[in-house]
Amino acid sequence: MLIAANKAVSIDYTLTNDAGEVIDSSAGGAPLAYLHGAGNIIGGLEKALLGKQAGDELDVAVEPEDAYGEYSAELVATLNRSMFEGVDELEVGMQFHASGPDGGMQIVTIRELEGDDVIVDGNHPLAGQRLHFKVKVVSVRDASEEEVAHGHIHGEGGHHH
Ligand SMILES: [Zn+2]
């Protein structure tokens, strides 16, 4: 069975950056189960998997625009420490949920602390990076109607609810 829209696909994968450092991997755990065509995985990887089948192995390099986007300096802002009341101690690397310009939630990370200034960055940690996926297709099946309706896969490697 070939990978196409509305197939439930399980993959083993290792994600590395340009420097060859492992960022994420399914090794040692269950394969990742995703619903093809539903945007469950990043666009560039989904595109590369189209038409593949169980047992296929591929190496995919995904440019930032097909992954987590280019790094945007506009998403870096300087806030006053008083906006973080209730947080005992601010530290570089801490992450907070904030409402983004489009009204959606985004995660911002503290990049720098300077006196009362807190410099936050709303870019995805992998923004601006080319990603390298080493992928093996483990299985491909038809997704159930319920899975298609939910937009994700149920069971091992997928959603449990
Ligand atoms: Zn569901």
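Residues numbered from 1 in each chain as written. Predicted model: local features only at pLDDT ≥ 70, side-chain atom pairs only at ≥ 80, totals over all residues. Heavy atoms only, no water.

- As recorded in an unreviewed UniProt entry, the chain goes by the name Peptidyl-prolyl cis-trans isomerase, listed as coming from Pseudomonas peli.
- As stated in UniProt under Sequence similarities (unreviewed entry), the record for the chain gives "Belongs to the FKBP-type PPIase family."
- Regarding the chain, the UniProt comment filed under Subcellular location (unreviewed entry) reads as follows: "Cytoplasm". (UniProt positions renumbered as here; feature names shortened; annotations may be inferred.)

### Considerations on the overall build of the chain
Phase 1: For the chain, the helix and strand inventory stands at 2 helices and 9 strands.
Phase 2: When the elements of the chain are put in sequence order from the N terminus, they spell out β-β-β-α-β-β-β-β-β-β-α.
Phase 3: Projected onto the principal axes, the alpha-carbon positions of the chain cover approximately 60 × 35 × 30 Å.
Phase 4: Split into buried and exposed, the 161 residues of the chain put 32% on the buried side.
Phase 5: Carbon and sulfur atoms make up 48% of the accessible area of the chain, which amounts to about 9400 Å² in all.
Phase 6: When the 9 positive and 28 negative side-chain charges of the chain are each reduced to one mean point, those points stand 10 Å apart. (Helix = DSSP H or I, 4+ residues; strand = E, 2+ residues; numbered from the N terminus. Buried < 20%, exposed > 50% of the residue type's maximum accessible area, 1.4 Å probe, protein only. Areas by Shrake-Rupley, 256 points an atom, 1.4 Å probe, with all protein chains shown as cover. Lys, Arg positive; Asp, Glu negative; His and termini not counted. Charge placed at Lys NZ, Arg CZ, Asp CG, Glu CD.)

### Focus on the coordination of the zinc ion
Phase 1: His150 (ND1), His152 (NE2), His154 (NE2) and His161 (NE2) make up the full set of protein donors to the zinc ion, lying at 1.9 to 2.1 Å.
Phase 2: The site at the zinc ion holds 4 donor atoms, and with the angles between them running 99 to 124 degrees, its shape is tetrahedral.
Phase 3: Sequence spacing among the residues donating to the zinc ion works out to H-x1-H-x1-H-x6-H. Of this pair, histidine 150 sits in helix α2 (residues 145-150) while histidine 161 sits in the segment after α2, placing them 11 residues apart in sequence.
Phase 4: Judged by its relative accessible area of 36%, histidine 150 is partly exposed. (Donors = N, O, S within 2.8 Å, 3.2 Å for Na, K, Ca; no water. Tetrahedral: all angles 85-135°; square planar, octahedral: opposite > 155°, others 65-115°.)

### Concerning the domain arrangement of the chain
Often the size quoted for an interface is simply the accessible area lost on bringing the parts together.
Phase 1: Considered domain by domain, the chain is made up of domain 1 (7-68 + 127-150) and domain 2 (73-121).
Phase 2: Placing a centre on the C-alpha atoms of domain 1 and another on those of domain 2 gives a separation of 31 Å. (Domains from an automatic or database assignment.)

### Here's the deal with the nonpolar core
Phase 1: Grouped together as the largest cluster of nonpolar side chains are 20 residues, with contacts concentrated most on Ile11, Leu45, Leu49, Phe133 and Val135.
Phase 2: Mapped onto this core, the elements with two or more residues apiece are β1 (7-16), α1 (43-49), β4 (57-62) and β9 (131-142).
Phase 3: Among the elements that line this core, the one with the most residues is β9, at 5 residues.
Phase 4: The residues contacting leucine 49, other than those within four sequence positions of it, are Ile3, Ile11, Tyr34, His36, Ile41, Leu58, Val135 and Val137.
Phase 5: Listed in part, the 7 residues of the second largest apolar core include Leu90, Phe96, Val118 and Val120. (Core = buried A, V, L, I, M, F, W, Y, C linked by side-chain atoms within 4.5 Å. Contact = heavy atoms within 4.5 Å.)

### Describing a negative patch on the surface
Phase 1: On the surface, a cluster of negative charge is contributed by Glu112, Glu114, Asp116 and Asp117.
Phase 2: In this structure, aspartate 117 sits in strand β8 (residues 117-121). (Patch = residues over 30% accessible without salt bridge, like charges linked within 9 Å, V, L, I, M, F, W, Y side chains within 5 Å. Salt bridge = Lys/Arg side-chain N within 4 Å of Asp/Glu carboxyl O.)

### So, the UniProt feature "domain: PPIase FKBP-type" (unreviewed entry) in the chain
Phase 1: Mapped onto the present numbering, the UniProt feature "domain: PPIase FKBP-type" (unreviewed entry) falls on residues 6-93.
Phase 2: Measuring from the first to the last C-alpha atom of residues 6-93 gives 38 Å, for a span that is 8% helix and 33% strand.

### A look at the pattern of salt bridges
Phase 1: If you walk through the whole model with that rule in mind, you get 7 salt bridges.
Phase 2: Residues aspartate 142 and lysine 7 are paired through a salt bridge, measuring 2.5 Å at the closest nitrogen-oxygen approach. A residue pair is termed long-range when its members are at least 10 positions apart, and aspartate 142 in strand β9 and lysine 7 in strand β1 qualify at 135 residues.
Phase 3: Classification of aspartate 142 by relative accessible area gives partly exposed; the value is 47%.
Phase 4: On the basis of relative accessible area, lysine 7 is assigned to the buried category, the value being 16%.

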